[in-house]
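# Architecture and fold: a report
The lines below spell out each chain.
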Amino acid sequence: MSYIKDKRKKIIIGNVSNQLIIIYTLLVLFGWVNIYAANFDNNSTAIIDFSRNAGKQIIWIGLAGFFAIFILLIDSRFFSIFSYPVYIIIMLSLIAVIFVGKEVAGSRSWFQIGSFALQPAEFGKFATSLALSKYLSATNIRFEEFKTRIIATIIIIIPFLLILLQNDTGSALVYGFFIFVFYREGLSGNILIIGVLLAFMLTLSLIVNKYIIISCLAVVTLYFVYYTRRFKKDRILFIFAFVLSASLLLSFDYIYNNVLKTHHRDRIEVLFGKKVDEKGAGYNVIQSKIAIGSGGVIGKGFLEGTQTKYNFVPEQSTDFIFCTVGEEYGFLGSSIVVILFIYLIVQIISLSERQRSPFSRIYGYCVAVIIFAHFVINIAMAIGLLPVIGIPLPFFSYGGSSLLSFTILLFVFIKQTGDKHEII
Amino acid sequence: MKVNYEERANVLQVIFIIIGIIFVIRLFFLQIIDSSYKNSANNNVLRYTTDYPGRGLIYDRNNELMVCNEAAYDLMIIPKDLKKDFDTLSFCSMINIDINDFRTRLDKAKKFSRYKGSVFEAQISKEDYASIQEKMYKYKGFYFRLRTIRKYIKPIAAHVFGYIGEVNQSIIDKDNDKYYKAGDYVGIAGIEKQYEQELRGSKGLKILMADALNRDKGSYKNGEYDIAPVSGSNLYSGLDYALQEYGEKLMENKRGSVVAIDPSTGEILALISVPSYDPNLLVGRTRTKNYKLLQDDPNKPLFNRALKAKYPPGSTFKLINALIGLQERAITFSTTYPCSRGFHYGGLNVGCHEHNSPLDLEGSIIHSCNAYYCKAFGAILNKYKTDRDGYIVWRNYVTKFGFGNKFNSDIPNHSSGFVPKAEYYDKRYGKNGWKWLTVISLAIGQGELGITPLQLANMSAIIANRGYYITPHLIKKIGNKVPNKEYLVKHYTGISKIYFDKVADAMYNVVEGGTGMGGKINGISVCGKTGTAQNPHGKDHSIFVAFAPKDNPKISISVFVENAGFGATWAVPIASLMIEKYLNDTVLRKDLEDRMFKPIP
Ligand SMILES: [Zn+2]
């Protein structure tokens, strides 16, 4: 009886893994089509031109395919066993790149190898996922313990800080999304809610004067303190919350004005309409929205997007690749891409839940939230819901490091799901 | 606290799905609801450029080209392409403007657009273009755009052709078809204005694409949406270019006008008003400056005397009164009136010169007797119950000759002249306060009458045609078609042909042996009538109307020479030479010609 049940489950899992591979392949191929369009030049119509982005990406896709197959062939225990060494090696390379890396657009985050460049930060997410899964799945570790949470946080904070040092704010931001993994492993949902409320309050402070917000908070606090005066314990809690949020607000204000660079501030202010700057920080967003918005229902067609073809959107094959989809394939094409991503992420979570090994489950969650982080930040930026934060769209954007790291990230998970040895 | 992990997985999945839905909704608004992005994308990439058609050409009656187009170059500016080290001084000296002017124009261009080209200096001639073009490489941000400008082959007929100029805001506002855009040219006066619709053709549109760096990316959809320009229609004028030129030469250094009409068709052969100007002065970049000079010229060269000056027609008007008198049977061919150096009635005296007396109708025309016409005029008006009734009948005949009305014609901006209505005198003298004697000056073409040289030439054509006229007009064909059905209609005066024959005979004798003797041409039977328009401001104006040959006339003409005294001295020989030139092509009377070329002493 239980055998039959088990077998059915295995079949389902097998199907889901296959679906993941199919979606992965679709995204990579559709991504390549769009990279080709974004770099299309009437004067050079050769599909395989290795001096151009689309040509180079073919090499990267080939390499990614090779890695994918390699991962599916090797023993699945390899990664759980070597989690820490991988983590340490990547962290060291993140340190090394600060000193020997090539500076590109103000960020020192690339290793130049011949004509190809590698960005270790992309692999940082994979390494962190491995280390985090390894640590949290250890038999003697209980997430309820405070110590566990501290160590797990440190595993995340290290690459976060190293990447921040490389001036790559976008990639660093992704590490914040590991909080969803913590939530799944037992972090109080209130913390998520408080996090959302804090984010809302801090966002609001960009639009409304911070003293007005503090005054409003004070009024609300006074009301609750008066209303709940019979519960002394709650009264203190409210006052504590007020003091905490007020000081957070003020320190955020300090960070915003003194730690953030001018171009970050510009991007944020453009997003909130506080600054209109068609040629500066606002240019990318405006052109990106024009590209997507002009796509209409079914788009202008392959190689027909004028925004795309004539380079109105900067960084179009990397950070703004979604513009090409929006312009040339319209609402239909871009919705399909959004649905594919959401479906992929939701399936990874479902699949993770079915894993018997905590390592596989936690790793699966890491994969889901990392893909989700990139997806959300990248597309929200392209459609003008977030300030310009340069991070690639997984599987889609031009760039070897990104494609390779996401391929490895995903296929290690796929390999885990097919694995039945690591049952504790 | 027990954690429900299954539920947490669902919470996360729901959060992610909600984010996905938010994105799809946002995309729906961006891509489907809000259509402004399509325009923005088009604005980014599409460059609409006007393809200007060639303006129609104008030919004379012998298919000789009179007006054509010539290449000119608009100097265009794209402000954003101007380099920091731009050498403003040398640039200004090259195109001959001062530095303040440069700044004003640059500001104007920037206001229009920093990225799109606008006109910096319009219509630079081919010659200037050649020398500027060589140095253009030094001035990034400027380029040339080819336009055509008008070229008037000979420096004549300025009043006929008029001129074109850039449209102003009021033209753009009034234009219901929304055809004109700032920078377009439009006919402002003359034929150029009258036939603007036909001459301009229609503009074409080229849609080009440009990339983010404004580099040319070729035509949009292979020109599928381009509109080809349609050239303007060519106009065929009834004007005789050589005759016009000859007439202007004869009238040089004088003031006045010559209007010649082909009576059988109503086509204007020559339309001369002097002082005039070279029509090429009002072309290209110097137009505004020159226009101002012409406007301020005390000789008023812009004033078209032939169409707008209102003169009392003097003795030439006696022909009309003779015809009306005959038709009204107030007089006959044999009616004679005595003249004792004028017409004297009560206290009224209208003087006359020395001649045989009494005179019959023919004699009265030959000798231009004032007394005869005063009496004849009285006879016409006295026929009716009141003189006022008689006057209304008389005036009705006069207007049938085209006096006091505008022609339904392409002749630009011409005056209707003035033939007072009965009400005019009622107002002045009271309803029953005036009689034929009150308005007796009309009998000899003086008084309140205001007649334009064009109307007088038309009168001559009516006599030449023995009773009708075809509306005088400048353009006989647009491409292959007649511009106006009106030009095929004969307008009758209601006076019998036999009376016209008689008057024509008399006019022939005016030239053969009367006041118009100076107009005689060997081998051509010229009919004419002299006149003098009284001028309260100085010497009288010399007038002559004529047609020739007497039978089957080919040309009828009116000549006004201001301040030239008696008609015979200047107006007669000029009309005669014009007739000789038109009918014989060459003028044999070189002495007379030379005398006429000289200014009035
Ligand atoms: Zn007399």
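Residues numbered from 1 in each chain as written. Chains lettered and ligands numbered in written order. Predicted model: local features only at pLDDT ≥ 70, side-chain atom pairs only at ≥ 80, totals over all residues. Heavy atoms only, no water.

## Regarding the overall build of chain B
Check the secondary structure of chain B and you find 21 helices and 20 strands. A compact globule built from 601 residues should have a C-alpha radius of gyration of about 25 Å, whereas chain B, at 34 Å, is more than 25% larger. If one aligns the C-alpha atoms of chain B with their principal axes, the spans along those axes are about 140 × 60 × 45 Å. Summarising the internal contacts of chain B: among those between residues at least 6 apart in sequence, 71% fall at separations of at least 24. For chain B, the exposed area adds up to about 27000 Å²; of that, 51% sits on carbon and sulfur atoms. Charge-centre separation for chain B: the mean point of 80 positive side chains lies 3 Å from the mean point of 61 negative side chains. (Helix = DSSP H or I, 4+ residues; strand = E, 2+ residues; numbered from the N terminus. Rg over C-alpha atoms; globule rule 2.2 N^0.38 Å. Contact = heavy atoms within 4.5 Å. Areas by Shrake-Rupley, 256 points an atom, 1.4 Å probe, with all protein chains shown as cover. Lys, Arg positive; Asp, Glu negative; His and termini not counted. Charge placed at Lys NZ, Arg CZ, Asp CG, Glu CD.)

## Details of the overall build of chain A
The secondary structure content of chain A amounts to 17 helices and three strands. Here chain A holds 424 residues, and 52% of them are scored as buried. Long-range contacts, defined here as pairs at least 24 residues apart, represent 70% of the contacts in chain A between residues at least 6 apart. With the model as given, the accessible surface of chain A reaches about 19600 Å², and the carbon-plus-sulfur share is 69%. (Buried < 20%, exposed > 50% of the residue type's maximum accessible area, 1.4 Å probe, protein only.)

## Some thoughts on the coordination of the zinc ion
Residues and elements named next belong to chain B. The coordination sphere of the zinc ion contains the protein donors Cys 339 (SG), Cys 352 (SG), His 355 (NE2) and Cys 369 (SG), at a distance range of 1.9 to 2.4 Å. Coordination at the zinc ion is tetrahedral, judged from the four donor atoms that bind it and the angles of 102 to 123° they form at the metal. Positions of the donor residues of the zinc ion, expressed as sequence spacing, correspond to C-x12-C-x2-H-x13-C. Of the two residues, His 355 is situated in the loop between strand E14 (348-351) and helix H14 (361-367) and Cys 369 in the loop between H14 and helix H15 (370-382); the sequence distance between them amounts to 14 residues. Each member of the pair, His 355 as well as Cys 369, is classed as buried. (Donors = N, O, S within 2.8 Å, 3.2 Å for Na, K, Ca; no water. Tetrahedral: all angles 85-135°; square planar, octahedral: opposite > 155°, others 65-115°.)

## Quick word on the domain arrangement of chain B
Split by domain assignment, chain B resolves into domain 1 (5-34), domain 2 (46-237) and domain 3 (241-291 + 302-597). Between domain 1 of chain B and domain 2 of chain B, the C-alpha centre-to-centre distance is 55 Å. (Domains from an automatic or database assignment.)

## Describing the sheet that holds strand E20 (residues 555-561) of chain B
Residue and element names in this part refer to chain B. The strand order across the open sheet formed by five strands is E12-E11-E20-E19-E18, and the pairing between neighbours is antiparallel. Here the strands that pair on one side only, and so sit at the sheet edges, are strand E12 (267-274) and strand E18 (527-533). Between one strand axis and the next, the sheet turns by 10° as a mean value, whatever way the strands run. In this sheet, strand E19 (residues 541-548) lies alongside E18 in antiparallel orientation, the contact comprising seven bridges. Bridge pairing in E19 links Thr 530 to Phe 544. Taken strand by strand, helix H10 (residues 241-250) contacts strand E11 (256-262), E12 and E20, and its axis lies near 25° from that of E12. Here helix H19 (residues 497-513) sits on the sheet in contact with E18 and E19, set at roughly 75° to E18. (Pairing = 2+ DSSP bridges. Axes fitted to C-alpha atoms, helices over the stretch in contact; angles between N-to-C directions.)

## Thoughts on the nonpolar core
In terms of nonpolar packing, the biggest core is built from 117 residues, with Phe322(A), Phe375(A) and Phe395(A) touching the most fellow members. Looking at which element gives the most residues to this core, the answer is helix H16 (residues 358-382) of chain A, with 19 residues. Every residue in contact with Phe322(A), bar those within four places of it in the chain, is listed here: Ile292(A), Ser334(A), Val337(A), Val338(A), Asn378(A), Ile379(A), Ala382(A), Ile383(A), Leu393(A) and Leu27(B). Counting 100 residues, the second largest nonpolar core, distinct from the first, contains Ile58(B), Tyr195(B), Tyr337(B) and Ala464(B). (Core = buried A, V, L, I, M, F, W, Y, C linked by side-chain atoms within 4.5 Å.)

## A look at the packing of aromatic side chains
Under the counting rule described, the total for this entry stands at 63 aromatic pairs over all chains. Between Tyr36(A) and Phe302(A), the aromatic rings sit 6.1 Å apart at their centres with planes inclined by 25°, giving stacked as the arrangement. Taken together, the residues span a long stretch of sequence, with Tyr36(A) in helix H1 (residues 2-38) and Phe302(A) in the loop between helix H13 (281-293) and helix H14 (306-309) at a distance of 266 residues. Judged by its relative accessible area of 10%, Tyr36(A) falls in the buried class. Take Phe302(A): its relative accessible area is 40%, and that puts it in the partly exposed class. Against the face of Tyr179(B) rests Lys203(B), its NZ or CZ located 4.6 Å from the ring centre. (Phe/Tyr/Trp six-rings, centres within 6.5 Å; stacked < 30°, edge-to-face > 60°. Lys NZ or Arg CZ within 6 Å of the ring centre and 35° of its normal.)

## Some thoughts on the sheet that holds strand E8 (residues 204-210) of chain B
Residue and element names in this part refer to chain B. The antiparallel open sheet is built from three strands, whose spatial order is E1-E8-E9. Only two strands of the sheet have a single partner each, and these edge strands are strand E1 (46-51) and strand E9 (216-219). This sheet shows a mean twist of 35° between the axes of neighbouring strands, independent of strand direction. Across two bridges, the pairing between E8 and E9 is antiparallel. The residue bridging Ala 210 from the neighbouring strand is Asp 216, located in E9. Along the sheet, helix H2 (residues 36-45) contacts E1 and E8; its crossing angle with E1, the most-contacted strand, is approximately 60°.

## Overview of helix H17 (residues 400-417) of chain A
Taking 1.5 Å per residue, 18 residues should reach 26 Å; H17(A) reaches 26 Å between its end C-alpha atoms and fits that length. Counted residue by residue, H17(A) has 17 buried out of 18 residues, so it is predominantly covered. (Expected span 1.5 Å × (residues − 1).)

## Describing empty space enclosed by the protein
Residues and elements named next belong to chain A. Taken as a whole and assessed by the stated rule, the structure comprises two cavities of 30 Å³ or more. Quantified by volume, the second largest cavity comes out at close to 30 Å³. Taken together, Glu 122, Lys 125, Phe 126, Ile 370, Ser 405, Phe 406 and Leu 409 make up the full set of residues lining the second largest cavity. Residue assignment for the lining of the second largest cavity shows that the elements contributing at least two residues are helix H5 (120-136) and H17. (1 Å grid on protein atoms, 1.4 Å probe; cavity = no way out; pocket = protein on both sides within 12 Å on 5 of 7 lines; lining within 4 Å. Points joined across faces, edges and corners; volume = space filled by probe spheres on them.)

## Comments concerning the interface of chain A and chain B
Listed per partner, the contact involves 48 residues of chain A and 33 residues of chain B. The three residues of chain A that bury the most area against chain B are Tyr183(A), Tyr310(A) and Phe331(A), which together make up 18% of that side's buried surface. Scanning the region where chain A abuts chain B turns up zero salt bridges. Our count for the contact surface shared by chain A and chain B stands at eleven residue pairs in polar contact (both at pLDDT 80 or more). Elements represented by at least two residues in the side of chain A that touches chain B include exactly helix H8 (179-184), H13, H14, helix H15 (321-353) and H16 of chain A. In terms of residues, the side of chain A that touches chain B owes the most to one element, H15(A), which gives 13 residues. Of the residues in the side of chain A that touches chain B, the class split is 25 nonpolar, 16 polar and seven charged. (Buried area = accessible area lost by both parts, 1.4 Å probe. Salt bridge = Lys/Arg side-chain N within 4 Å of Asp/Glu carboxyl O. Polar contact = N/O pair within 3.5 Å; in protein donor to acceptor, adjacent residues only side chain to side chain. Nonpolar A, V, L, I, M, F, W, Y, C, P; charged D, E, K, R; others polar.)

## What about unusual backbone geometry?
Residue and element names in this part refer to chain B. The omega angle of the peptide bond from Ser 357 to Pro 358 is -5°, so this bond is cis rather than trans. As for its position among the elements, Pro 358 is in the loop between E14 and H14. A positive phi angle is found at Lys 300, which is not glycine, with a value near 50°. Within the fold, Lys 300 resides in the loop between helix H11 (287-296) and helix H12 (305-308). For Lys 300, a relative accessible area of 52% corresponds to the exposed category. Phi is positive for Asn 563, which is not a glycine, with a value near 55°. Taking relative accessible area as the criterion, Asn 563 reaches 28% and is therefore assigned partly exposed.

## Re the packing of H10(B) against helix H21 (residues 590-597) of chain B
Residues and elements named next belong to chain B. One can describe the packing of H10 onto H21 by two numbers: an axis separation of 8 Å at closest approach and a directional angle of 60°. Mapping the contact onto sequence places Tyr 246, Lys 249 and Leu 250 in H10 and Glu 593, Met 596 and Phe 597 in H21. Residue composition of the contact of H10 with H21, by class: four nonpolar, no polar and two charged.

## Digging into H15(B)
Residue and element names in this part refer to chain B. The end-to-end C-alpha distance of H15 is 18 Å, a good match for the 18 Å that 13 residues give at a rise of 1.5 Å each. Within H15, eleven of the 13 residues are buried, which leaves it mostly tucked inside the rest of the structure. Listing the buried residues of H15 in full gives Asn 370, Ala 371, Tyr 372, Tyr 373, Cys 374, Ala 376, Phe 377, Gly 378, Ala 379, Ile 380 and Leu 381. Contacts made by the buried residues of H15 are with helix H13 (318-327), strand E13 (342-345), E14, H14 and helix H16 (387-400).

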